[in-house]
Amino acid sequence: DACCQWFFIADELTAKFEETDGQCSDLARAAIRLGFHDAGTWSQSLANKGQDFGGADGSLALFFEEGRAENGGLQEITDYARELYARYDVGMGDLIQYMAVHATVTCPLGPRVRAYVGRIDAVQPAPDNLLPDVHAPADDLLALFADKTISAHDLAALLGAHSTSKQFGVDKSKSGMPQDSTPGVWDVSFYNETVQDIGEDCVFKFPSDVALAAHPAVSDEWMMFAGKQEHWNEDYAKAYLRLSLLGVNNINDLQECSYTLPTKKTRVP
């Protein structure tokens, strides 16, 4: 079975990503962010100009891009990815994306995003300046993601990953502060709390999240997600699958190994 070794990787990841109380760990949160930051370094406009590299190709770990300012805080999870890469015969691009979707379903209520393997690994570092800035205006962020073929609807779904996020580098005086009140659970609290006045000492809000939540291209779907867990899960799973294939030009050669992922946790421990 070509997916056999992913069962062993999955077992190792579960031990790292699951806390004793059944919620997801800081390392799981970092794995989700690592998946975003590796895949997000692709641009359709650059590809059309002959610069078709970057995306979900493992360059972040292969070329030590965790040293870039936008990747601050990813050192530990990137080191762990390199450790697994040295022990298993898998691609780094596949490994990073598998870690991200494994971490997502390890979080209680998180969806099982389809996992494909067989990507071609990077042979050069990813382009610079293709990841979102938390201080950027909403229109700039929508244009940035449109250039990655990610629609406003899909962006609204993807931002929900901040449900399990903690910030460390945006405001170091509040290092470790969560972006919603339940960072160990993949729930819709983030969507509610981003648009509510719940006090600066409760959650840390990225200015970009607040701006996008209020943007007319995003706001209706944002509020739909706020009250519907399964609706968000379904849309997130589709949107993240698309993100995880950015820059992957051999899609027809990939193999699905989704069945090696853990089962979904339908209840909060």
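Scroll up to find the structure.
Report follows, based on the coordinates. On a predicted model such as this, the values are computed, not experimentally measured, just so you know. The residue numbering used here restarts from 1 in each chain and proceeds along that chain's sequence as written. Reporting in this predicted model follows two pLDDT cut-offs: at least 70 for local features of residues, and 80 or more for side-chain atom pairs to be given and counted; totals over whole chains, interfaces and linings ignore these cut-offs and use all residues. The basis for the side-chain values is all heavy atoms of the structure; hydrogens and waters are excluded.

A short note on the environment of E65
Part 1 of the reasoning: Helix and strand assignments follow DSSP, with helices taken as H or I runs no shorter than four residues and strands as E runs no shorter than two, numbered in order from the N terminus. Turning to its location among the elements, E65 is positioned in the loop between α4 (59–62) and α5 (75–87).
Part 2 of the reasoning: We call a residue buried when its accessible area falls under 20% of the maximum for its residue type, exposed when it is over 50%, and partly exposed in between, using a 1.4 Å probe and counting protein chains only. Classification of E65 by relative accessible area gives buried; the value is 4%.
Part 3 of the reasoning: In the structure, E65 is positioned 10 residues away from Q75 in sequence and 9.4 Å away in space, judged by C-alpha atoms.
Part 4 of the reasoning: In this description, contact between two residues means that some pair of their heavy atoms is separated by no more than 4.5 Å. Excluding residues that lie within four positions of it along the chain, E65 makes contacts with S59, L60, N71, P125 and A126.
Part 5 of the reasoning: A distance of 2.8 Å separates a polar side-chain atom of E65 from the backbone nitrogen of A126. Side-chain atoms alone can form a polar contact between residues adjacent in sequence; in general such a contact is a pair of N or O atoms within 3.5 Å, and within protein one must be able to donate a hydrogen while the other accepts it.

Looking at unusual backbone geometry
Part 1 of the reasoning: Within the chain, L109 stands out as a residue other than glycine whose phi angle is a positive 80°.
Part 2 of the reasoning: Relative to the helices and strands, L109 is located in the loop between α6 (92–106) and β1 (116–117).
Part 3 of the reasoning: Here T149, not a glycine, exhibits a phi torsion of approximately 70°, which is positive.
Part 4 of the reasoning: With respect to the helices and strands, the residue T149 is situated in the loop between α7 (138–146) and α8 (152–159).
Part 5 of the reasoning: Its relative accessible area of 25% is what places T149 among the partly exposed residues.

Some thoughts on helix α11 (residues 219–227)
Part 1 of the reasoning: Every buried residue of α11 is listed here: S219, E221, W222, F225 and A226. Seen along its axis, α11 keeps its buried residues to an arc of 160°; they face one direction. Residues of α11 that are exposed and point over 90 degrees away from its buried face: D220 and G227. When we speak of the arc, we mean the arc of directions from the helix axis to the C-beta atoms.

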